[in-house]
Amino acid sequence: MYLEPRLEQGPADLLGEGGPLLHELVDALGSPLNIVLPGQIEENVERFRSVFRRHRLTGRIFYAHKANRSSALVRRLVTTDAGLDAASLGELQHALASGWTGDRIMTTGPKDPEFLWLAARAGAIVNADGPGEVEQAARLVRAYELPRLRVVLRLSGFGTSGTTVLSRRSRFGAPAGSVKDLLDTVDRHRDAVEPIGVGYHLDTTSLDEKAAALEGCLWVMEETRARGFSPRAVDVGGGFGVTYLAHAEQWDRYTTALTQAVMGRRPPMTWDGHGYGLRMENGTLKGALGLYPAHRPLAGADYLDELLSRPAPGLGGRPLGTLLLEGLHELYVEPGRALVDQCGLTLGRVLDVRATETGEHLVRLAMNAGDTGLEDHGVLMDPVLLPRDGGPAAGGERPAAVHLMGNLCLESDLITRRVVHLPRLPRPGDLLAFPNTAGYCMDFGATHAQRQPVARKVAVHREGGAWHWCLDEQYWPITRPGRQRT
Ligand SMILES: *Cc1c(COP(=O)(O)O)cnc(C)c1O
């Protein structure tokens, strides 16, 4: 029941030959420790960019900063042609201080007046969450004599023409059905705000829902033009997803077996028989599997490619990408998780290994559940064992299935409720590496609970065969005197 993580070259090399360096870093900086790989984010931008090229579209790739707090990633990204999506005042300040200029920034999410003011002051685009926000922004622009604000109108609640597919409920965005009110508001404030586009961000993996939303946006672009505005961009938001696992078969086998375990047809595969949303009630299986689809046939840039290739149901069945092109629309995307795919990993030191009366093995790590967020996001995969002595992970010993416990004095503090599989039983001093945690996992939910240390973050890059590292906040994408370019 292995769930082998998918590793691209960069992180695979680091976890292989870079093992001694990772031990050294944890010895010096403590456990847990987060590693980010700035070079990797540049590759991910290029993958999205190549999909734009394939569909002959121009536009912008806005990195959704909220996926990771890292400075190194944001500073490396500013050297590319990407944009940045800031979802708080702090993220906006961080971007501006990292070399971003307002014209490359879009602000999304709930906005307080300070956030709106700084966005307008800096000339950022405001992704407006409805008529109220347009009003508020227009008032600020007038009161503080700010430049006319570029806004993207965020919509939600799309339906397809007459059929049953409706997008799920969202607390964000103006209902597509009441776009008239929204445009009336924009009209009243034309001196202060300029609608440069319309868009959505739907937290779903469903291509059907997104295709319906994109088509809905194309209609609204026309309505906006009919009001005498010149919108130019359709913003399809983020949510392109990541494939965490190397093998689809392992994922299928695992989820099937988990269902059987919940039904009592095989031994439990989780702590306390946890069913990840599935349960037995009077002999029947109830609930739904609440896990991230850890192996996805389409993720990241490929998902965008497929969305653009989809026929628009209500517009003659022509591909959505073609319709964007013919409408002379630019495409905006806001990938978070997908843009930091393979860009980081989390290390935890093994503190204690013990056997229970029933023969299970409990491994306690110098980190807690908040340091990986794997459970929060329902992401299941096996960690990579980095032996203390640097030797091979399996030297003649038998593979082991273990429970991973955190360092909080709390029954619920499990790094993952799944039993994980390792090439051998770990020993105190070994490291476990949790791959691909840069998207939401490594720092989104980390806390100072019980005054346990929050992971430091280190940027690692490779130069001519040698590994180099620095603290995340020390990373700048420049050559320093006497040193290689980072
Ligand atoms: C979170 C968020 C994103 C990024 O979502 P991912 O699933 O990480 O790609 C993009 N846009 C908005 C408005 C968001 O809130």
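Keep in mind that what you see is a predicted model, and the values were worked out from it rather than measured.

**As for the overall build of the protein chain**
Working step 1: In terms of regular secondary structure, the protein chain is built from 13 helices and 20 strands.
Working step 2: Taking 486 residues into account, the globule formula puts the C-alpha radius of gyration at 23 Å, and the protein chain, at 24 Å, falls close to it.
Working step 3: Split into buried and exposed, the 486 residues of the protein chain put 55% on the buried side.
Working step 4: A fraction of 71% describes how many contacts in the protein chain between residues 6 or more apart in sequence connect residues 24 or more apart.
Working step 5: In the structure as shown, the protein chain presents an accessible area of about 20,400 Å², 51% of it carried by carbon and sulfur atoms.
Working step 6: Placing the 54 positive and 58 negative side-chain charges of the protein chain at their respective mean positions leaves the two points 1 Å apart.

**Points about the environment of Thr256**
Working step 1: Relative to the elements of secondary structure, Thr256 occurs in helix H10 (residues 248-262).
Working step 2: Put simply, Thr256 and Ala446 are 190 residues apart on the chain and 32 Å apart in space, counted from C-alpha to C-alpha.

**Focus: the packing of aromatic side chains**
We describe a pair of aromatic rings using the distance from one ring centre to the other and the angle between the two ring planes.
Working step 1: All told, the structure shown has six aromatic pairs when counted by the stated rule.
Working step 2: Relative to Phe240, the ring of Phe48 has its centre 5.4 Å away and its plane inclined at 65 degrees; by these criteria the two rings are edge-to-face. A residue pair is termed long-range when its members are at least 10 positions apart, and Phe48 in helix H3 (residues 38-54) and Phe240 in the loop between strand S9 (233-235) and H10 qualify at 192 residues. Side by side, Phe48 and Phe240 carry an identical accessibility label, which is buried.
Working step 3: Between Phe158 and Tyr200, the ring centres sit 6.0 Å apart and the planes meet at 75 degrees, which makes this aromatic pair edge-to-face. Linking Phe158 in the loop between strand S6 (149-156) and strand S7 (174-175) with Tyr200 in the loop between strand S8 (193-199) and helix H9 (207-226), this pair joins segments that are 42 residues apart in sequence.

**As for the pairing of strand S11 (residues 284-287)**
Working step 1: Pairing of strand S10 (residues 278-281) with S11 involves four bridges; the strand directions are antiparallel. What sits directly across from Arg279, in S11, is Lys286.
Working step 2: Between the end of S10 and the start of S11, which pair antiparallel, lie two residues, with Asn282 showing a positive phi angle near 45 degrees.

**Quick word on the site of the ligand**
Working step 1: Of all residues adjacent to the ligand, which total 13 residues, the nearest are Lys66, Gly239, Glu334, Arg337 and Tyr440.
Working step 2: Lys66 is positioned such that a nitrogen or oxygen atom in its side chain is 2.8 Å from an oxygen atom of the ligand.
Working step 3: Glu334 has a polar side-chain atom sitting 2.5 Å from a nitrogen atom of the ligand.
Working step 4: Its free accessible area being 390 Å², the ligand has 87% of it covered by the protein chains.
Working step 5: The cavity that encloses the ligand is the largest pocket.
Working step 6: For the shell around the ligand, the class distribution of residues is three nonpolar, five polar and five charged.

**Quick look at the pattern of salt bridges**
Working step 1: In the structure shown here, the tally under the stated rule is 31 salt bridges.
Working step 2: A salt bridge links Asp191 to Arg142; its shortest N-O distance comes to 2.9 Å. Of this pair, Asp191 sits in the loop between helix H8 (179-188) and S8 while Arg142 is found in helix H7 (residues 131-143), placing the two residues 49 residues apart along the sequence.
Working step 3: For Arg142, a relative accessible area of 37% puts it in the partly exposed group.
Working step 4: For Asp382, the salt bridge identified is with Arg418, shortest N-O distance 2.9 Å. Here Asp382 is found in the loop between helix H13 (374-377) and strand S15 (384-386), whereas its partner Arg418 is found in strand S17 (residues 414-422), with 36 residues between them in sequence. For the residue pair Asp382 and Arg418, the accessibility class agrees, reading buried in each case.
Working step 5: Look at the salt bridges and you will find they share partners, linking Arg6, Glu8, Glu43, Arg47 and Asp341 into a network.

**Regarding the nonpolar core**
Working step 1: With 85 residues, the main nonpolar core has Phe48, Tyr200, Leu214, Val236, Leu304, Leu331 and Val333 as its most contacted residues.
Working step 2: Element by element, the count of residues in this core is highest for H9, at eight residues.
Working step 3: Filtering out sequence-adjacent residues up to four positions away, Val236 remains in contact with Tyr200, Leu214, Leu304, Leu331, Tyr332 and Val333.
Working step 4: Of all hydrophobic cores here, the second largest spans 32 residues; its members include Leu291, Tyr292, Leu422 and Cys441.

**Some points on the domain arrangement of the protein chain**
Working step 1: Here the protein chain is partitioned into domain 1 (9-37 + 342-474), domain 2 (39-241 + 295-340) and domain 3 (248-287).
Working step 2: Relative to domain 3, the C-alpha centre of domain 2 lies at a distance of 39 Å.

**Topic: the layout of surface pockets**
Over the atoms rolls a probe the size of a water molecule, and its path tells where empty space is left.
Working step 1: Within this model, the largest pocket holds a volume of roughly 840 Å³.
Working step 2: As for the largest pocket, its lining consists of 32 residues, and the residues nearest its centre are Lys66, His201, Leu202, Asp203 and Tyr440.
Working step 3: A breakdown of the residues in the lining of the largest pocket according to their chemical character gives 12 nonpolar, 11 polar and nine charged.
Working step 4: Looking at which domains feed residues into the lining of the largest pocket, each of domain 1 (9-37 + 342-474) and domain 2 (39-241 + 295-340) gives three or more.

**Digging into H3**
Working step 1: Helix length check: H3 (17 residues) gives 26 Å between terminal C-alpha atoms against 24 Å at 1.5 Å per residue, within 8%.
Working step 2: Listing the buried residues of H3 in full gives Pro38, Gln40, Ile41, Asn44, Val45, Phe48, Arg49, Val51 and Phe52.

**Side note on the environment of His247**
Working step 1: With respect to the element layout, His247 can be found in the loop between S9 and H10.
Working step 2: Judged by its relative accessible area of 28%, His247 is partly exposed.
Working step 3: Through-space distance from the C-alpha of His247 to that of Ala64 is 28 Å; in sequence the pair is 183 residues apart.
Working step 4: Among all residues touching His247, those that are not within four sequence positions of it are Glu4 and His295.
Working step 5: Looking at His247, its side chain comes within polar contact range of the side chain of Glu4, at 3.1 Å.

How each quantity is defined
- Residues numbered from 1 in each chain as written.
- Predicted model: local features only at pLDDT ≥ 70, side-chain atom pairs only at ≥ 80, totals over all residues.
- Heavy atoms only, no water.
- Helix = DSSP H or I, 4+ residues; strand = E, 2+ residues; numbered from the N terminus.
- Rg over C-alpha atoms; globule rule 2.2 N^0.38 Å.
- Buried < 20%, exposed > 50% of the residue type's maximum accessible area, 1.4 Å probe, protein only.
- Contact = heavy atoms within 4.5 Å.
- Areas by Shrake-Rupley, 256 points an atom, 1.4 Å probe, with all protein chains shown as cover.
- Lys, Arg positive; Asp, Glu negative; His and termini not counted.
- Charge placed at Lys NZ, Arg CZ, Asp CG, Glu CD.
- Phe/Tyr/Trp six-rings, centres within 6.5 Å; stacked < 30°, edge-to-face > 60°.
- Pairing = 2+ DSSP bridges.
- Near = heavy atom within 4 Å.
- Polar contact = N/O pair within 3.5 Å; in protein donor to acceptor, adjacent residues only side chain to side chain.
- 1 Å grid on protein atoms, 1.4 Å probe; cavity = no way out; pocket = protein on both sides within 12 Å on 5 of 7 lines; lining within 4 Å.
- Sits in = over half its atoms within 2 Å of the grid points.
- Nonpolar A, V, L, I, M, F, W, Y, C, P; charged D, E, K, R; others polar.
- Salt bridge = Lys/Arg side-chain N within 4 Å of Asp/Glu carboxyl O.
- Core = buried A, V, L, I, M, F, W, Y, C linked by side-chain atoms within 4.5 Å.
- Domains from an automatic or database assignment.
- Points joined across faces, edges and corners; volume = space filled by probe spheres on them.
- Expected span 1.5 Å × (residues − 1).

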